[in-house]
Amino acid sequence: MKILILGDIVGRPGRNILKENLEELKKAYDVDLIIANGENAAGGNGITRKVADELFEMGISLLTTGNHVWDQKEILQFIDEEPRILRPANYLEGTPGRGSAIIEVGEKKVGVLNLQGITFMPCNRNPFFVAEEEIKKLKRETNIIIVDFHAEATSEKIAMGYFLDGKVSCVFGTHTHVQTADEKILPQGTAYITDIGMTGPYESVLGIDKDLIIKRFTSSVPVRFEVAKGPAQINAIVVEIDESTGKALKIERINKISSQ
Ligand code: FE2
């Protein structure tokens, strides 16, 4: 089984480049399933019903999120009824939504788990312990399990990769919006990459207009962020998994830049 995983989709530029290229990518890599991190898909902050539906219509089966999940308040009205949008599983008790899901791909089932780091990020439940609990539950249904670890610190992400090595098919990082070149298969068969990067404006600071961010760093007056315009990029990975064992066979990075 081949799964295409798209890095944080940022605003309209991220959605537009997918509209133009996703079908072709799907064919070129012969993928069975597409998932994406969508926490910045609506205007660079959060996700709305309309934007989520736009992404689902493109063929994305599930959206993971992270610290920006609540940025568009309307999500609180529909996340409980929308199993295709996850928020990190290690959020505190009583948080709306869910942190994991099972997706049916033909005869097979794929478990997806969303976690958020606690180093340089808001305090939540320990993602390592929550990962163990959640994976135990998912394993009752499938041995193909994908983990989006939305985290800031590379050390925390790499540690999670080794912590879950052999227990899941893939651990990929999101949140930093910068694709790392450390994709590998860990010793016990888990595909790993520290960050899959961003699907959004190419000439930007993490998706935001670069001049505004420079202003932010050179002024004591707050600056309103806007998604950058111009060329866009798709950052993603394709993971190939042995369906009988759940172990990863291959992990490949995609970094495609548009000329729009
Ligand atoms: Fe984030």
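Everything below is about the structure shown above.
The following paragraphs examine the structure supplied in this document. Here the structure is a predicted model, which means the values were calculated and not measured.

1. Notes on the overall build of the protein chain
Right, so step 1: A count of helical and extended segments in the protein chain gives six helices and 13 strands.
Right, so step 2: Since a compact globule built from 260 residues should have a radius of gyration of about 18 Å, the 17 Å found for the protein chain is in line with a globular shape.
Right, so step 3: When each of the 260 residues of the protein chain is scored for burial, the buried share is 54%.
Right, so step 4: The long-range share in the protein chain, meaning contacts at least 24 apart out of those at least 6 apart in sequence, stands at 64%.
Right, so step 5: Carbon and sulfur atoms make up 50% of the accessible area of the protein chain, which amounts to about 11700 Å² in all.
Right, so step 6: Here the protein chain carries 31 positive and 37 negative side-chain charges, and the mean point of each set is 1 Å from the other.

2. With respect to the coordination of the iron ion
Right, so step 1: Protein-derived coordination of the iron ion comes from Glu39 (OE), Asn67 (OD1), His150 (NE2) and His175 (ND1), at a distance range of 2.1 to 2.3 Å.
Right, so step 2: Considering all four donor atoms around the iron ion, angles at the metal cover 86 to 161° and the coordination shape is irregular.
Right, so step 3: Counting the intervening residues between successive donors of the iron ion yields the motif E-x27-N-x82-H-x24-H. Linking Glu39 in the loop between β3 (33-37) and α2 (49-57) with His175 in the loop between β8 (170-174) and β9 (184-185), this pair joins segments that are 136 residues apart in sequence. Of the two residues, Glu39 and His175, neither departs from the other in class, the shared state being buried.

3. Considering the side chain of Arg87
Right, so step 1: With respect to the secondary-structure elements, Arg87 resides in the loop between α3 (75-78) and β5 (100-105).
Right, so step 2: Comment: no salt bridge for buried Arg87; closest opposite-charge side chain is Asp80, at 6.8 Å.

4. So, the packing of aromatic side chains
Right, so step 1: This structure, assessed with the given rule, holds one aromatic pair.
Right, so step 2: Here Phe128 and Phe163 contribute two aromatic rings whose centre-to-centre distance is 5.2 Å and whose plane-to-plane angle is 75°, an arrangement assigned as edge-to-face. Here Phe128, found in helix α4 (residues 127-139), pairs with Phe163, found in helix α5 (residues 154-163); they are 35 residues apart in sequence, far enough to count as distant.
Right, so step 3: In this structure Phe163 comes out as partly exposed when scored by relative accessible area, which is 26%.
Right, so step 4: Lys167 extends its terminal NZ or CZ atom over the ring of Phe163, reaching a point 4.9 Å from the ring centre.

5. Quick notes on the pattern of salt bridges
Right, so step 1: Tallied over the full model, the rule gives eleven salt bridges.
Right, so step 2: The shortest N-O distance in the salt bridge between Glu82 and Arg49 comes to 2.8 Å. Here Glu82 is found in the loop between α3 and β5, whereas its partner Arg49 is found in helix α2, with 33 residues between them in sequence.
Right, so step 3: The exposure class assigned to Glu82 is buried, which follows from its relative accessible area of 4%.
Right, so step 4: Look at Arg49 and you get partly exposed, because its relative accessible area is 26%.

6. Things to note about the pairing of strand β7 (residues 145-150)
Each regular strand carries side chains that alternate between the two faces of the sheet.
Right, so step 1: In terms of burial, β7 is a largely internal element, six of the six residues being buried.
Right, so step 2: Burial of β7 is two-sided: the residues Ile145, Val147 and Phe149 facing one way and the residues Ile146, Asp148 and His150 facing the other way are all buried.
Right, so step 3: One ladder, built from six bridges, connects strand β6 (residues 108-116) with β7; its direction is parallel. Pairing of Leu115 across the sheet is with Phe149, part of β7.
Right, so step 4: Sheet topology places β7 next to β8; five bridges connect them, and they run parallel.

Procedures and definitions
Residues numbered from 1 in each chain as written. Predicted model: local features only at pLDDT ≥ 70, side-chain atom pairs only at ≥ 80, totals over all residues. Heavy atoms only, no water. Helix = DSSP H or I, 4+ residues; strand = E, 2+ residues; numbered from the N terminus. Rg over C-alpha atoms; globule rule 2.2 N^0.38 Å. Buried < 20%, exposed > 50% of the residue type's maximum accessible area, 1.4 Å probe, protein only. Contact = heavy atoms within 4.5 Å. Areas by Shrake-Rupley, 256 points an atom, 1.4 Å probe, with all protein chains shown as cover. Lys, Arg positive; Asp, Glu negative; His and termini not counted. Charge placed at Lys NZ, Arg CZ, Asp CG, Glu CD. Donors = N, O, S within 2.8 Å, 3.2 Å for Na, K, Ca; no water. Tetrahedral: all angles 85-135°; square planar, octahedral: opposite > 155°, others 65-115°. Salt bridge = Lys/Arg side-chain N within 4 Å of Asp/Glu carboxyl O. Phe/Tyr/Trp six-rings, centres within 6.5 Å; stacked < 30°, edge-to-face > 60°. Lys NZ or Arg CZ within 6 Å of the ring centre and 35° of its normal. Pairing = 2+ DSSP bridges.

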